[in-house]
Amino acid sequence: MPASSSLVMSDFDVIVVGGGPAGATAAAFCTQRRLRVALFEHTRFPRHKVCGDVVNPNCWPVLEKLGAAERVRALPRHEIEAASFAAPTGGVLTVPITRGATAIRRSLFDQALLEHARSCGVEVFENETVHEVTSERRVITSLGRYQARTAIIGADGRHSVTARSAGLVRKSSGGNGHIAFQAHFRAPAALDGRVQLHLFHGGYCGVVRVDAERANLCIVTDRRGALFHNDCEALFTHTVRQNPHFRNLGIDPEPLEPLQSAHPLRRPMNVPARNGVFLVGDALRVMEPFTGQGILFALRTAEIVAESIGSSLQPERNYIADVTTLYRQRGRTNEWLRRLMYCERAARAIIPLVRRMPGLARWLADNVLGEERRFR
Ligand SMILES: Cc1cc2nc3c(=O)[nH]c(=O)nc-3n(C[C@H](O)[C@H](O)[C@H](O)COP(=O)(O)OP(=O)(O)OC[C@H]3O[C@@H](n4cnc5c(N)ncnc54)[C@H](O)[C@@H]3O)c2cc1C
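Just so we're clear, the structure is a prediction, and the values are computed from it rather than from any experiment.

(A) Main features of the overall build of the protein chain. Helices and strands together make up the secondary structure of the protein chain, namely twelve helices and 18 strands. By its C-alpha atoms, the protein chain is 65 × 40 × 40 Å across when sized along the principal axes. By residue count, 46% of the 376 residues in the protein chain fall in the buried class. Once local pairs closer than 6 in sequence are excluded, the contacts in the protein chain between residues at least 24 apart make up 73%.

So this is what it looks like as structure tokens:
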């Protein structure tokens, strides 16, 4: 019987809000520390998620530690061999990727992680939306009220209710006004094992094969391009088809599911923790998506929050220190390259330069894909 149907308010050691990669991972790690955990998820899985479907190689050590790596490896996926950047003029820069980057549909990836959390003993409540968290560590949902004895973990994504109701939101300009549109399309036979970024005036587009039939496309555009979101042919024409390298791929503008959108694409870090409420993944910070690190940040912040809650006398202080270090180490390159992605003219000049300096290209790739210097 779901706890919410009882008249008595149910209590748990930890309550997790949101069942994406951050929430499922945090919940599973907490059960490994013998905590009784409930997870509330607004939808029923599998659910579609706007994402480029690229899993950074540094996710594997976290998935191994969680005991979920085999489950994820068994999913249909496509290995990524290189990353390429193509400006409309000025050629293509290709950087080889040597270790374990892969592309997996998010509906499958997220469902596998949530199933794993369930198998670890997490009590999962799907189709139950959290409306509010209170200063007494209570959680009010669409179906009931619950008490968290130790902590509430907000893993409810970029529009986090947890962050808002716990007063953890840092004011920001709300990104740069760009919007992402994403769907899967039929993959042309010539689409190889590269994750490709095609720049155009006003934005960029990420393309990657996810399995034998499908390619994932994310078009990030300013508001002019976004006007055409109801007509995929027109959206292609006014955005990414300006790039001849993309035109040559010959992708049919007929999405295999309705196009979905996401914004803002960037937001500074919220307050990571206060009064027993902790934020993880996109609820904590939203990074520009093109470096494909969002899932990694979701998994790592989830791992760190469970360590902080489960073993530390000062969990909030430790958590804040560790996630600040994590984003400082791994977020740098994203911040630098972001300026380039939105400035086609600068990219046109820089791509040939970096092609002549393979050491620089390797160094940039290493900042995004290289092994993390673990501080624990
Ligand atoms: C265009 C685009 C491309 C991207 N490409 C990549 C990529 O290739 N690789 C990569 O690593 N990252 C990528 N990202 C980033 C990545 O998608 C996110 O960083 C990642 O999904 C964050 O995971 P999360 O668990 O924090 O949040 P989410 O995956 O958003 O999960 C949050 C969950 O919380 C639930 N929820 C929300 N509100 C409530 C509520 N009130 N009550 C209960 N449940 C709630 C939602 O239903 C959802 O299931 C991309 C992002 C965008 C926008």
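The structure having been displayed, the exposition proceeds.
(B) How the structure looks around the sheet that holds strand β13 (residues 194-200). Strand order in the open sheet formed by seven strands is β6-β5-β13-β14-β15-β12-β16, and the pairing between neighbours is mixed. The sheet is open, and its two borders are formed by β6 (92-96) and β16 (260-262), each paired with just one other strand. Each strand of the sheet is rotated relative to its neighbour by a mean of 20°, with strand direction disregarded. Strand direction decides the pairing type here: strand β5 (residues 82-86) and β6, joined by five bridges, are antiparallel. Bridge assignment links Ala82 to a residue of β6, and that residue is Pro96.

(C) Molecular detail of helix α4 (residues 106-119). For α4, built from 14 residues, the straight-helix expectation of 20 Å at 1.5 Å per residue is met to within 8% by its first-to-last C-alpha distance of 20 Å. If you follow the buried residues of α4, they end up packed against α1 (21-32), β2 (37-40), α2 (59-66), α3 (69-73) and β8 (123-125). Two residues or fewer after α4 comes Gly121, characterised by a positive phi angle close to 110°.

(D) Representation of the sheet that holds strand β3 (residues 54-55) within the structure. Across the sheet, three strands lie side by side as β3-β7-β4; this open sheet has antiparallel pairing. Either end of the sheet is taken by a strand with one partner, and the two such strands are β3 and β4 (78-79). Where β4 lies against strand β7 (residues 102-103), two bridges are found, and the strand directions are antiparallel. From the neighbouring strand, Glu79 faces β7, where its bridge partner is Thr102.

(E) The environment of Leu39, seen in detail. With respect to the helices, strands and loops of the structure, Leu39 is situated in strand β2. Through-space distance from the C-alpha of Leu39 to that of Ala112 is 15 Å; in sequence the pair is 73 residues apart. If sequence neighbours within four positions are ignored, Leu39 has contacts with Val16, Gly19, Gly23, Ala27, Ala117, Val122, Val124 and Phe125.

(F) Looking closely at the site of the ligand. Close to the ligand lie 39 residues, the nearest being Gly18, Gly20, Gly52, Gly281 and Gly294. Only α1, β12 (179-186) and α9 (294-311) provide two or more residues apiece to the shell around the ligand. Top contributing element to the shell around the ligand by residue count: α9, with four residues. Considering only residue class, the shell around the ligand consists of 19 nonpolar, 15 polar and five charged.

(G) Spotlight on the nonpolar core. One finds Val14, Ala26, Ile153 and Val280 to be the most contacted residues of the largest nonpolar core, which totals 110 residues. Those residues in contact with Ile153, other than ones at most four positions away along the chain, are Val14, Val16, Val17, Ala26, Phe278, Val280 and Val305.

(H) The arrangement of the pairing of β12 in detail. The pairing of β12 with strand β15 (residues 214-221) spans eight bridges and is antiparallel. Paired with Arg186 across the bridge in β15 is Arg214. Pairing between β12 and β16: three bridges, direction antiparallel. In the strand pairing of β16, Gln182 is matched with Gln260.

(I) Molecular detail of the packing of α1 against α9. Close contact between α1 and α9 brings their axes to 8 Å; oriented N to C, the two are set at 30°. Relative to α9, the element α1 lies roughly parallel. Both α1 and α9 take part in a crossing whose hand is right-handed. On the side of α1, the interface is formed by Pro21, Ala22, Thr25, Ala26, Phe29 and Cys30, while α9 contributes Ile295, Ala298, Leu299, Thr301, Ala302, Glu303, Val305, Ala306, Ile309 and Gly310. Looking at the contact of α1 with α9, its residues break down into twelve nonpolar, three polar and one charged.

(J) Highlighting unusual backbone geometry. In this model, Phe45 is joined to Pro46 through a cis peptide bond whose omega is 0°. Looking at the element boundaries, Pro46 is found in the loop between β2 and β3. The peptide bond linking His263 to Pro264 adopts the cis configuration, its omega dihedral lying at -10°. Note on placement: Pro264 falls in the loop between β16 and β17 (273-274). Here Arg34, not a glycine, exhibits a phi torsion of approximately 65°, which is positive. In this structure, Arg34 sits in the loop between α1 and β2. With 9 C-beta atoms packed within 10 Å, Arg34 lands in the exposed category. Even without glycine at this site, Asn127 takes up a positive phi of about 55°.

(K) Geometry of the packing of α9 against helix α10 (residues 315-341). Remark: α9 packs on α10, axes separated minimally by 9 Å, with the N-to-C direction vectors making an angle of 155°. When the interaxial angle is binned, α9 and α10 end up roughly antiparallel. For the crossing formed where α9 meets α10, the hand is right-handed. On α10, the residues that touch Arg300, Thr301, Ile304, Val305, Ser308 and Ile309 of α9 are Pro315, Asn318, Tyr319, Asp322, Val323 and Leu326. A class-by-class count of the residues in the contact of α9 with α10 yields seven nonpolar, three polar and two charged.

Conventions and cut-offs
Residues numbered from 1 in each chain as written. Predicted model: local features only at pLDDT ≥ 70, side-chain atom pairs only at ≥ 80, totals over all residues. Helix = DSSP H or I, 4+ residues; strand = E, 2+ residues; numbered from the N terminus. Buried ≥ 20, exposed ≤ 12 C-beta atoms within 10 Å, placed from the backbone. Contact = placed C-beta atoms within 7 Å. Pairing = 2+ DSSP bridges. Axes fitted to C-alpha atoms, helices over the stretch in contact; angles between N-to-C directions. Expected span 1.5 Å × (residues − 1). Near = placed C-beta within 6 Å. Nonpolar A, V, L, I, M, F, W, Y, C, P; charged D, E, K, R; others polar. Core = buried A, V, L, I, M, F, W, Y, C linked by C-beta atoms within 7 Å. Parallel < 35°, antiparallel > 145°, perpendicular 65-115°, else oblique. Left-handed = near helix turned anticlockwise from the far one by under 90°.

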